[in-house]
Amino acid sequence: MPQRCICFFCVTIFSFAFLISFPIALAAQVTPDTSASEQPAWIVAIAVLIGAIALHWGLGRVRSRLLRVIHLRTVAEHASETSVEESLELLLKLLLSISRVALWIGVALYITNLFAITRQWSDQIASTLLTSFTVPVLSLGARSYSITNLLILAGLVFGWFVFANVITQLLRTRILSLARINRGLREAIAVVLRYSLITIGVLVLLQLWGLDISSLAILASALSVGIGFGLQDIAKNFGSGLVLVFERPIQVGDFVEVGEFQGTVERIGARSTEIRTLDHVSIIVPNSRFLEKEVINWSHGNSISRIHLPVGVAYRSDPKAVEAALLEAAQSHADVLRSPAPRVLFKGFGESALDFELLVWMNAPSRQFLLKSDLNYRIFEVLHQRNIEIPFPQRDLHLRSGTLDVSPELESTFARLSDQ
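Residues numbered from 1 in each chain as written. Predicted model: local features only at pLDDT ≥ 70, side-chain atom pairs only at ≥ 80, totals over all residues. Heavy atoms only, no water.

A. Focus on the sheet that holds strand 8 (residues 305–313). Strand order in this open sheet of three strands is 8-10-9, and the pairing throughout is antiparallel. With one partner strand each, in any of the chains shown, strand 8 and strand 9 (343–349) form the two edges of the open sheet. Averaged over neighbouring strand pairs, the angle between their axes works out to 25 degrees when direction is ignored. Across six bridges, strand 9 lies against strand 10 (residues 354–362) in antiparallel orientation. Bridge pairing in strand 10 links L345 to E357. Helix-sheet contacts for helix 11 (residues 319–331) involve strand 8, strand 9 and strand 10, and the interaxial angle to strand 10 is about 25 degrees. Sheet strands in contact with helix 12 (residues 368–385) are strand 8 and strand 10, and its direction is about 30 degrees off that of strand 8. (Pairing = 2+ DSSP bridges. Helix = DSSP H or I, 4+ residues; strand = E, 2+ residues; numbered from the N terminus. Axes fitted to C-alpha atoms, helices over the stretch in contact; angles between N-to-C directions. Contact = heavy atoms within 4.5 Å.)

Now the structure itself:
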């Protein structure tokens, strides 16, 4: 997929340049012999309008077909990272919008140029459009830039973003995966490479475009003022994201618990981290929360973890028999590790039961809830087979004999109830 995405990126750049020049070329068109073409002008206008409608619909169909192909290839390759697909989808939407706007501008100018009564309006509109797109509107340093220059620069920068995503995805899926590097380290390397490519590429594009980087000092100072007043959270989350990438207290693929949320880390972005819960619900957590509050990472360094299952049995039960029953239930489950071996702790004497705790080890933290459920089923079955009772909570009530002084009204009420 990444190789085809690069080819597709090159094609879209040429298409973008063609579609930008299309309405300008039509606007500059001059009909040499208007008297000869005046008679069939309405026929030509209808034909051009029908063709424009068909092309408008066809562009939408092409976009839908390309999106379907990209999505199917992503699913076929089991790609868990969808940033490339999302970037290409956004690029296709942008190109479709530009194509349709350019198409209808060109059609409107062409049709109005066919008729003598609207030709003057067409020339004025075309002249206004050309002037507005070519007159300098921004001056930085010694150079001035028109809207066309800024649009082309924006298109190149956006294209470089897509290219950086494609290269990052290619490195992640085709190179780092062959090196047998764990998923968290692959994501960290990919994120660092992506940010580096974007930063260096944008600076190079600005330099090649003739933009003096030192002239952006005013913009940088204004941005710092904005960060000081209203963007503290964004800056804090961005800095926290860099710490998470380099220090790696959490990594992509780790099973973590943040507050009341538990799930697998799917993506660590510049501002937030995506956690996919066991219900397949995506939770977007700001990066700063992972550094400011306690985070339980069940997979940090080693995915092997221990779970606790409390069990209470009747007082008349044999503790050794209970221990054997709990160990039998644990050892019969395939997800329980044999080393370290399961253990049973005699926790103490409860109010109505002997309190035990079964400790088992597992290497799949995301399956701990299913494992607890399976073990509870097995424990209940084994205890039932061995006639070991799981008691209900019990309370002993002791009544002391003696006299009780009651009011006459309460005594009459008791007497009436006893008569009934």
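B. Representation of the sheet that holds strand 7 (residues 296–297) in the model. Read across the sheet, five strands follow the order 6-5-4-3-7 without closing on themselves; strand pairing throughout is antiparallel. Two strands lie at the open edges of the sheet, namely strand 6 (282–286) and strand 7, each paired on one side alone. Strand direction decides the pairing type here: strand 3 (residues 255–258) and strand 4 (residues 261–268), joined by four bridges, are antiparallel. Looking at strand 4, one finds that E257 is bridged to Q262.

C. Spotlight on the pattern of salt bridges. Taken as a whole and assessed by the stated rule, the structure comprises seven salt bridges. Across the salt bridge formed by E274 and R276, the nearest N and O atoms sit 3.6 Å from each other. With relative accessibility at 28%, the residue R276 sits in the partly exposed group. One salt bridge in this structure joins D335 and R367, with 3.2 Å as the shortest N-O distance. (Salt bridge = Lys/Arg side-chain N within 4 Å of Asp/Glu carboxyl O. Buried < 20%, exposed > 50% of the residue type's maximum accessible area, 1.4 Å probe, protein only.)

D. Looking closely at the packing of helix 11 against helix 12. Across the interface, helix 11 lies against helix 12 with an axial gap of 9 Å and an inter-helix angle of 135 degrees. The angle between helix 11 and helix 12 falls in the class oblique. As helix 11 runs across helix 12, the sense of the crossing is right-handed. Every residue of helix 12 that contacts helix 11 at A325, L326, E328, A329 and A330 is listed here: L375, R378, I379, V382 and L383. Taken together, the residues that form the contact of helix 11 with helix 12 break down as eight nonpolar, no polar and two charged. (Parallel < 35°, antiparallel > 145°, perpendicular 65-115°, else oblique. Left-handed = near helix turned anticlockwise from the far one by under 90°. Nonpolar A, V, L, I, M, F, W, Y, C, P; charged D, E, K, R; others polar.)

E. Quick peek at helix 9 (residues 232–247). Taking 1.5 Å per residue as the helical rise, helix 9 with its 16 residues ought to reach 22 Å, and the 22 Å between its terminal C-alpha atoms agrees with that figure. All of the buried residues along helix 9 are N237, S240, G241, L244 and V245. Axial view of helix 9: buried residues confined to an arc of 140 degrees, hence all on one face. For helix 9, the exposed residues set more than 90 degrees away from the buried face come down to F246 and E247. (Expected span 1.5 Å × (residues − 1). Arc of directions from axis to C-beta.)

F. Geometry of unusual backbone geometry. The peptide bond linking S339 to P340 adopts the cis configuration, its omega dihedral lying at 0 degrees. Notably, H280 is not glycine yet its phi reads approximately 60 degrees, a positive angle. Among the structural elements, H280 can be located in the loop between strand 5 (272–277) and strand 6. Look at H280 and you get exposed, because its relative accessible area is 63%. Positive phi, normally seen in glycine, also occurs at N387, with a value near 55 degrees. Inspection of the secondary structure assignment puts N387 in the loop between helix 12 and helix 13 (408–419). A relative accessible area of 71% means that N387 is categorised as exposed.

G. Summary view of a nonpolar patch on the surface. Nonpolar side chains collect at one region of the surface, where W42, I43, I46 and I50 lie side by side and expose about 430 Å² of accessible area between them. When you line up the elements, I46 lands in helix 3 (residues 41–76). Note on I46: relative accessible area 44%, which makes it partly exposed. (Patch = residues over 30% accessible without salt bridge, like charges linked within 9 Å, V, L, I, M, F, W, Y side chains within 5 Å. Areas by Shrake-Rupley, 256 points an atom, 1.4 Å probe, with all protein chains shown as cover.)

H. Region of interest: the side chain of T273. With respect to the secondary-structure elements, T273 resides in strand 5. Owing to a relative accessible area of 0%, T273 belongs among the buried residues under this scheme. Within the structure, the side chain of T273 is placed 2.6 Å from the side chain of N287, a separation counted as a polar contact. Residues contacting T273, with those up to four places away along its chain left out, are L244, I250, V265, R267, I268, I283, I284, V285, N287 and F290. (Polar contact = N/O pair within 3.5 Å; in protein donor to acceptor, adjacent residues only side chain to side chain.)

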